[in-house]
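# Descriptive analysis of the structure
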Amino acid sequence: MALPVDPNLLVSLEALLRLRSVTAAAEALGVSQSAMSQRLRKLREGLGDTLLVPAGGALVLTQRAQSMQQPLREALEALELATRIGQDFDLRSAERTFVLATLDVGDLLVLPSAMHRCEVEAPGIRLRFRDLGLKDRAFHALVRGDLDLIVGGTPPPDLPGLRTRVIGAEPLVIIARKGHPHLNAGITQERWLACRHLVVGVGTGANPLDEALAELGLTRDIAAWTGNMVPAPFTIAQTDLVMGMGKSLALRMAKLLDLEIHPHPMSPPPIQVRMTWHERAQQDPAHRWFRELALQVTLDCFEALEAVGSQE
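Given the structure is predicted, the values throughout are model-derived calculations rather than measurements.

Membership of the largest hydrophobic core comes to 42 residues, with the highest contact counts inside it found for Ile 125, Leu 127, Leu 149, Met 243, Met 275, Trp 289 and Phe 290. Here this core takes 9 residues from helix H12 (residues 285-311), the largest share from any one element. Not counting residues up to four positions away in its chain, the partners in contact with Ile 125 are Ala 94, Arg 96, Phe 98, Cys 118 and Trp 289. Counting residues in hydrophobic clusters, the runner-up holds 19 residues, among them Leu 13, Met 36, Leu 43 and Leu 76.

On to the pairing of strand E8 (residues 196-200). Across 5 bridges, E8 lies against strand E9 (residues 221-226) in parallel orientation. By the bridge assignment, Leu 198 is partnered in E9 with Ala 224. Pairing of E8 with strand E10 (residues 241-246) involves 2 bridges; the strand directions are parallel. Bridge pairing in E10 links Arg 196 to Leu 241.

What follows concerns the pattern of salt bridges. By the definition in use, this model includes 11 salt bridges. With a shortest N-O distance of 2.5 Å, Glu 121 and Arg 117 are connected by a salt bridge. In this pair, Glu 121 and Arg 117 both sit in helix H6 (residues 111-121), 4 residues apart, roughly one turn of the helix. Its salt-bridge partner being Lys 178, residue Asp 258 comes within 2.8 Å of it at the nearest N-O pair. On the criterion of sequence distance, the pair formed by Asp 258 in the loop between helix H11 (247-257) and strand E11 (259-263) and Lys 178 in the loop between strand E7 (172-177) and helix H8 (189-193) is long-range, its members being 80 residues apart.

What follows concerns the environment of Met 266. Within the secondary structure, Met 266 sits in the loop between E11 and strand E12 (271-278). Under the relative-accessibility criterion, Met 266 is labelled buried at 18%. Sequence separation of Met 266 and Val 173 is 93 residues, and the distance between their C-alpha atoms is 9.7 Å. Leaving out residues up to four positions away in the same chain, Met 266 has contacts with Gln 189, Trp 192, Leu 209, Ala 212, Leu 213 and Leu 216.

Time to look at the packing of aromatic side chains. Tallied over the entire structure, the rule returns 1 aromatic pair. Ring centres of Phe 98 and Phe 290 lie 4.3 Å apart, and the angle between their planes is 10°; on these two criteria the pair is classed as stacked. One end of the pair, Phe 98, is in strand E3 (residues 96-102); the other, Phe 290, is in helix H12, and 192 residues separate them in sequence. With respect to burial, Phe 98 and Phe 290 carry one shared label: buried.

Cut-offs and rules
- Residues numbered from 1 in each chain as written.
- Predicted model: local features only at pLDDT ≥ 70, side-chain atom pairs only at ≥ 80, totals over all residues.
- Heavy atoms only, no water.
- Core = buried A, V, L, I, M, F, W, Y, C linked by side-chain atoms within 4.5 Å.
- Buried < 20%, exposed > 50% of the residue type's maximum accessible area, 1.4 Å probe, protein only.
- Helix = DSSP H or I, 4+ residues; strand = E, 2+ residues; numbered from the N terminus.
- Contact = heavy atoms within 4.5 Å.
- Pairing = 2+ DSSP bridges.
- Salt bridge = Lys/Arg side-chain N within 4 Å of Asp/Glu carboxyl O.
- Phe/Tyr/Trp six-rings, centres within 6.5 Å; stacked < 30°, edge-to-face > 60°.

In structure tokens:
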């Protein structure tokens, strides 16, 4: 049975399938819970499918609802874009929320500059930052439409519709507390290997740096792992551990915590910083502005921090 094309019902259907909650869908669309329940009833009757079924205290999608979710979202996005064709994007009056995923350093380095630009240029634009976390999951969220943009160092997986652009390269350096007993005379590979290390990662698995050391018949003493980059320098400042990180964040943390910055003795290649989005947003004027904003504040942040470092 085919559902009559009612835009209100289609928007409600998309919200119900995405949020899997009548209450949450009602709140998202600004209608009462009873009104959303009535819309769900009409959708079930029109489509001949229950769409959402109880399971363990929650609602889950039926097989048909799962298969409808992505095409429905793409159709609604295409319809929204079609209605904006020929219209100028007015920054001063635009009301929109963009969801950006970055590494945790993005909150520290990029968010302040991005919010300042929005306050000046587009006061109705709101930003929601998310940690990249499990990176493949973030890229799948981009395909689903749960994210608008990803900025980070991980190349995107082979997923349909993803577009990516390399926007810069971040050199890696070593940070340590001032007066570190092994690095008073400067850093060498031997002195660096004599240190105990703090590594940012999810566990004890091998990473490219340790694999490169293994090929040379070398190992380093990893004393601790942490899941987040930003808090890690506070540990470095209070211990004899050392760690590697991007130069931009290292410069900021060195001033804040009185740390020393050393060149990386392994001379690893710089981390490529990429911006990734979905092709559905390629021609959207608002999204084009947002991509340009993310590009400029990221580059400005790196340039400003490099300038600070060159003066010291």
